[in-house]
Amino acid sequence: MLALEKKTVLVTGGSRGIGRAIALGFQKAGAIVYATGSKAESIAWMEGSGIHGSIADVRSPGAIDMIIKDIRSQNGRLDCLVNNAGVSSTTPASRFTEDEMDAIIDTNFKGVFRACQAYFNQQRKEGGNIINVASILGLVGVPLASIYCGTKGAVIQLTRSLAVEWVGSGFRVNAICPGMIDTDMTDPIKSRDKVLEQVIAAIPMKRMGKPEDLSGAALFLASDLSSYMTGQLMVVDGGMTAA
Ligand SMILES: NC(=O)c1ccc[n+]([C@@H]2O[C@H](COP(=O)([O-])OP(=O)(O)OC[C@H]3O[C@@H](n4cnc5c(N)ncnc54)[C@H](OP(=O)(O)O)[C@@H]3O)[C@@H](O)[C@H]2O)c1
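Residues numbered from 1 in each chain as written. Predicted model: local features only at pLDDT ≥ 70, side-chain atom pairs only at ≥ 80, totals over all residues. Heavy atoms only, no water.

Attention shifts here to the overall build of the protein. What the protein contains, in helices and strands, is eight helices and seven strands. Here the protein has a C-alpha radius of gyration of 17 Å; the compact-globule value for 243 residues is 18 Å, and the two agree. Oriented by its inertia axes, the alpha-carbon framework of the protein measures out at about 50 × 40 × 40 Å. Nonlocal contacts in the protein, meaning residues at least 24 apart in sequence, comprise 69% of its contacts between residues at least 6 apart. A total accessible area of about 11600 Å² is found for the protein, and carbon and sulfur atoms account for 55% of it. (Helix = DSSP H or I, 4+ residues; strand = E, 2+ residues; numbered from the N terminus. Rg over C-alpha atoms; globule rule 2.2 N^0.38 Å. Contact = heavy atoms within 4.5 Å. Areas by Shrake-Rupley, 256 points an atom, 1.4 Å probe, with all protein chains shown as cover.)

Next up, the structure:
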């Protein structure tokens, strides 16, 4: 039903965590999967896995543009772009430096925008499908995540805005909002028993999500099963924002 066999997909930040699970989910569905990491060690595991790995820092203008060019020259088109690469921070709002603010905004917001723009400019004639990995922290606020929350709220608005601007060119643009997922990014929560206990108590399903819990939403949004959806959010959080 998904009909993703031989479709081409690029997952940024596919080296670890949620991006890795999404990349493997697409591979299982028969897609031709390209995934990036920020450095050679991150993508070493992809060697021989069937997933085409490349290094791209999403903060570097032109990096994702080049990768999309290569994918298009090898396959004719890129069917789906998953903008997943991201960073977080637990710096108190009162202590952010310009450099730290810039690093998070550059990765989480400008990085997503650059990739969307590169994909659109290369494929405006054929159309395309973009899935942005935002966060429930783009919908609700929590302490010690001010700039991160801001970038994720911005990604949500970017998703809606591009969906409307590019609909005439056959592009769909949607976002996934994960809740608390067990990856390296949530180490600061997992390493503090009391905090972890409080977080789990606030999740109706009483567990953190696994990275694999996100792949179904990505496969659905990439497929024609969601062909009438654009500019929308899929919240995958064990009920956390419903409580
Ligand atoms: N975990 C959660 O609870 C949660 C909740 C909501 C949303 N999210 C979002 O989901 C996405 C994935 O998060 P995760 O939990 O899987 O994080 P993670 O385990 O820390 O992995 C982050 C990924 O992003 C890549 N990355 C970071 N900075 C990059 C850069 N400048 N250029 C290229 N790649 C870069 C990393 O590459 P390297 O391996 O090379 O470092 C890695 O693949 C992020 O956008 C995050 O904000 C996560």
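This part covers the site of the ligand. Taken together, 31 residues are adjacent to the ligand, and Ser15, Ser38, Ser42, Tyr148 and Thr183 come closest. Contact distances for the ligand include 3.4 Å between an oxygen atom and a backbone N or O atom of Gly86. Between the ligand and the protein, one listed contact pairs an oxygen atom with a side-chain N or O atom of Lys152 at 2.9 Å. Out of a free accessible area of 890 Å², the ligand has 95% covered by protein chains. Mapped onto the shell around the ligand, the elements with two or more residues apiece are helix H1 (17-28) and helix H5 (146-166). Looking at the shell around the ligand residue by residue, the class counts come to twelve nonpolar, 13 polar and six charged. (Near = heavy atom within 4 Å. Polar contact = N/O pair within 3.5 Å; in protein donor to acceptor, adjacent residues only side chain to side chain. Nonpolar A, V, L, I, M, F, W, Y, C, P; charged D, E, K, R; others polar.)

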